[in-house]
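Spelled out, the chains give:
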Amino acid sequence: MTQYAVIGPGAVGTVIAHEISKVAAVKLFGRREQQVVLNSGSNDYKINVSSLLLNSDTFDVIFVAVKVTKLASILPALQAMSHDNTVIILCQNGMGQLDMLHEFNAVQAVVYISGQKTDDYVRHFQDKKLILPVNQELQRISQRLDATKLELVVSPDYEAALWFKLLVNLGINTVTALTKNTAHVLELPEVMQLTEQLLQEGLRIARAEGLDFTAQTVQDIIAIYRTYAGDMGTSMYYDTLAGVLLEYDYIQGELQRLARKHQLTTPLLDVCCTLLTGYQYKR
Ligand SMILES: NC(=O)c1ccc[n+]([C@@H]2O[C@H](COP(=O)([O-])OP(=O)(O)OC[C@H]3O[C@@H](n4cnc5c(N)ncnc54)[C@H](OP(=O)(O)O)[C@@H]3O)[C@@H](O)[C@H]2O)c1
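Because the structure is a prediction, the values reported are computed rather than measured.

Reading guide: rules and limits
- Residues numbered from 1 in each chain as written.
- Predicted model: local features only at pLDDT ≥ 70, side-chain atom pairs only at ≥ 80, totals over all residues.
- Heavy atoms only, no water.
- Axes fitted to C-alpha atoms, helices over the stretch in contact; angles between N-to-C directions.
- Helix = DSSP H or I, 4+ residues; strand = E, 2+ residues; numbered from the N terminus.
- Parallel < 35°, antiparallel > 145°, perpendicular 65-115°, else oblique.
- Left-handed = near helix turned anticlockwise from the far one by under 90°.
- Contact = heavy atoms within 4.5 Å.
- Nonpolar A, V, L, I, M, F, W, Y, C, P; charged D, E, K, R; others polar.
- UniProt positions renumbered as here; feature names shortened; annotations may be inferred.
- 1 Å grid on protein atoms, 1.4 Å probe; cavity = no way out; pocket = protein on both sides within 12 Å on 5 of 7 lines; lining within 4 Å.
- Points joined across faces, edges and corners; volume = space filled by probe spheres on them.
- Domains from an automatic or database assignment.
- Polar contact = N/O pair within 3.5 Å; in protein donor to acceptor, adjacent residues only side chain to side chain.
- Buried area = accessible area lost by both parts, 1.4 Å probe.
- Salt bridge = Lys/Arg side-chain N within 4 Å of Asp/Glu carboxyl O.
- Near = heavy atom within 4 Å.
- Areas by Shrake-Rupley, 256 points an atom, 1.4 Å probe, with all protein chains shown as cover.
- Buried < 20%, exposed > 50% of the residue type's maximum accessible area, 1.4 Å probe, protein only.

## Re the packing of helix α4 (residues 158-179) against helix α5 (residues 189-208)
So, step 1. Between α4 and α5, whose axes approach to 9 Å, the crossing angle comes to 150°. Compared by their axis directions, α4 and α5 come out roughly antiparallel. The chirality of how α4 crosses α5 is right-handed. Note on element contacts: α5 touches α4 through Val191, Leu194, Thr195, Leu198, Leu199, Gly202, Leu203, Ile205 and Ala206, opposite Trp163, Leu167, Leu170, Gly171, Thr174 and Val175.
So, step 2. For the contact of α4 with α5, the residue count by class is 11 nonpolar, four polar and no charged.

Here it is, written out as structure tokens:
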């Protein structure tokens, strides 16, 4: 029987572990042994968390759902809990961090699971979907989890999905983090204009990387932003409020690196990266 593990008992990891537990054995790992409560719909579920440091088991499939800023710190544990055929599914926003897992059989999922963790309480808002690249083993894992509400979509359009999500995050995460305000900040025409211009820069980077995106892509993303509740925060917004490190190096930072690779001029992105670097400085 497939042995599943999930690392990171937060908004994303708790939902994944809870769904898998309906059909298979799964262990949810965090920094320490504890219990978290997952609120989904009108139900509360108590979920046990094991200490990653104390683990001595190996697993066939490991979902990694820590923030990118913590990925390097779990690598020794990940090594110890993997065998030659372990599949690692990195469930994170951003791009480029998969390089840190080059020694593993690892793929990155495009994550459509929305939630928020406060202390030991996780609220799931919407979606339980992970988009994955085409690969027979991933297809098999997806089939094994078919009876759960966790959708593992193995998609030939994976690359476009990863980029689309990156651009969605580029706009909304940047403006909510830098203004320390929720999605209603987009009601200000000047903020919406800045967001759209930032997305235009992101679009040019995506196209330089070979993505078949058009001007319509930017409009599609803005249409998504218009569906957001005004009081909705983003992970980068919550991270700035909490005063913790941001995942910006693998969202805005990665886009800036790619822009430089293609010798593209991205003045707005550059200013945003400078401000985000300033935020991180000595933090
Ligand atoms: N939340 C969303 O709606 C959403 C949507 C799409 C994508 N994502 C992406 O999904 C990824 C995970 O986000 P999230 O919102 O689930 O984050 P989160 O709620 O902060 O959860 C991350 C969890 O990782 C744990 N962790 C940190 N260091 C660890 C370590 N060394 N060993 C074991 N566990 C450790 C944290 O434990 P402590 O609580 O003890 O610190 C926390 O429970 C991020 O890349 C995020 O951008 C999130």
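From this point on, the discussion continues.
## Concerning the UniProt feature "domain: Ketopantoate reductase N-terminal" (unreviewed entry) in the chain
So, step 1. What UniProt calls "domain: Ketopantoate reductase N-terminal" (unreviewed entry) maps, in this numbering, to residues 4-128.
So, step 2. Span residues 4-128 is 16% helix and 50% strand, its end C-alpha atoms 17 Å apart.

## With respect to the layout of surface pockets
So, step 1. As a volume, the second largest pocket reaches approximately 200 Å³.
So, step 2. Every residue lining the second largest pocket is counted, 13 residues in all, and those nearest its centre are Met95, Gly96, Gln108, Glu159 and Leu162.
So, step 3. Of all the secondary-structure elements, those providing two or more residues to the lining of the second largest pocket are α4 and α8 (252-261).
So, step 4. Among the elements that line the lining of the second largest pocket, the one with the most residues is α4, at four residues.
So, step 5. Tallied by class, residues from the lining of the second largest pocket come to seven nonpolar, two polar and four charged.
So, step 6. Both domains that furnish three or more residues to the lining of the second largest pocket are identified here as domain 1 (4-156) and domain 2 (159-280).

## Thoughts on the side chain of threonine 86
So, step 1. Mapped onto the secondary structure, threonine 86 falls in strand β6 (residues 82-91).
So, step 2. At 2.6 Å, the side chain of threonine 86 and the backbone oxygen of phenylalanine 59 are in polar contact.
So, step 3. Reaching out from threonine 86, the side chain makes a polar contact with the backbone nitrogen of histidine 83 at a distance of 2.7 Å.
So, step 4. Among all residues touching threonine 86, those that are not within four sequence positions of it are Phe59, Asp60, Ile62 and Asn105.

## What to know about the domain arrangement of the chain
So, step 1. Looking at the chain, the domain boundaries give domain 1 (4-156) and domain 2 (159-280).
So, step 2. Inter-centroid distance (C-alpha atoms) of domain 1 to domain 2 is 25 Å.
So, step 3. If you look at the interface, domain 1 gives 15 residues, while domain 2 gives 16 residues.
So, step 4. In total, domain 1 and domain 2 occlude about 1500 Å² of area from one another, counting both sides; carbon and sulfur atoms represent 64% of this.
So, step 5. Area buried by domain 1 at its contact with domain 2 is led by Lys67, Asn93 and Met95, which between them contribute 41% of it.
So, step 6. Joining domain 1 to domain 2, the criterion identifies one salt bridge.
So, step 7. Residue aspartate 239 pairs with lysine 67 through a salt bridge whose shortest N-O separation is 3.1 Å.
So, step 8. By residue number, the principal contributor to the side of domain 1 that touches domain 2 is strand β7 (residues 106-118), which donates five residues.
So, step 9. Split by residue class, the side of domain 1 that touches domain 2 holds seven nonpolar, seven polar and one charged.

## Regarding the site of the ligand
So, step 1. The environment of the ligand is formed by 26 residues, the closest being Val12, Arg31, Ile113, Gly115 and Glu247.
So, step 2. Within the backbone of alanine 11, one N or O atom sits 3.1 Å away from an oxygen atom of the ligand.
So, step 3. Contact between the ligand and arginine 31: an oxygen atom at 2.7 Å from a side-chain N or O atom of the residue.
So, step 4. Summarising the interface, the protein chains cover 84% of the accessible area of the ligand, which totals 890 Å² for the free molecule.
So, step 5. For the shell around the ligand, the elements supplying multiple residues, two or more each, are α1 (11-20), α2 (71-80) and β7.
So, step 6. A class-by-class count of the residues in the shell around the ligand yields 11 nonpolar, eight polar and seven charged.

## Details of α8
So, step 1. Most of α8 sits inside the fold, with seven of its 10 residues counted as buried.
So, step 2. Within the span of α8, buried status applies to Gln252, Gly253, Glu254, Leu255, Gln256, Leu258 and Ala259.
So, step 3. Tucked inside the fold, the buried residues of α8 contact α4, α5, α7 (235-242) and α9 (267-280).
So, step 4. The positive-phi residue at the C-terminal boundary of α8 is glutamine 263, with phi of around 55°.

## Here's the deal with empty space enclosed by the protein
So, step 1. For the structure shown, the criterion picks out one cavity of 30 Å³ or more.
So, step 2. Estimated volume of the largest cavity: approximately 50 Å³.
So, step 3. What lines the largest cavity is simply Gln92, Asn93, Gly94, Gln108, Ala109, Val110, Val111, Leu162, Lys165, Leu166 and Asn169.
So, step 4. Mapped by element, the contributors of at least two residues to the lining of the largest cavity are β7 and α4.
So, step 5. In terms of residue class, the lining of the largest cavity is made up of five nonpolar, five polar and one charged.
So, step 6. A domain split of the lining of the largest cavity shows at least three residues from each of domain 1 (4-156) and domain 2 (159-280).

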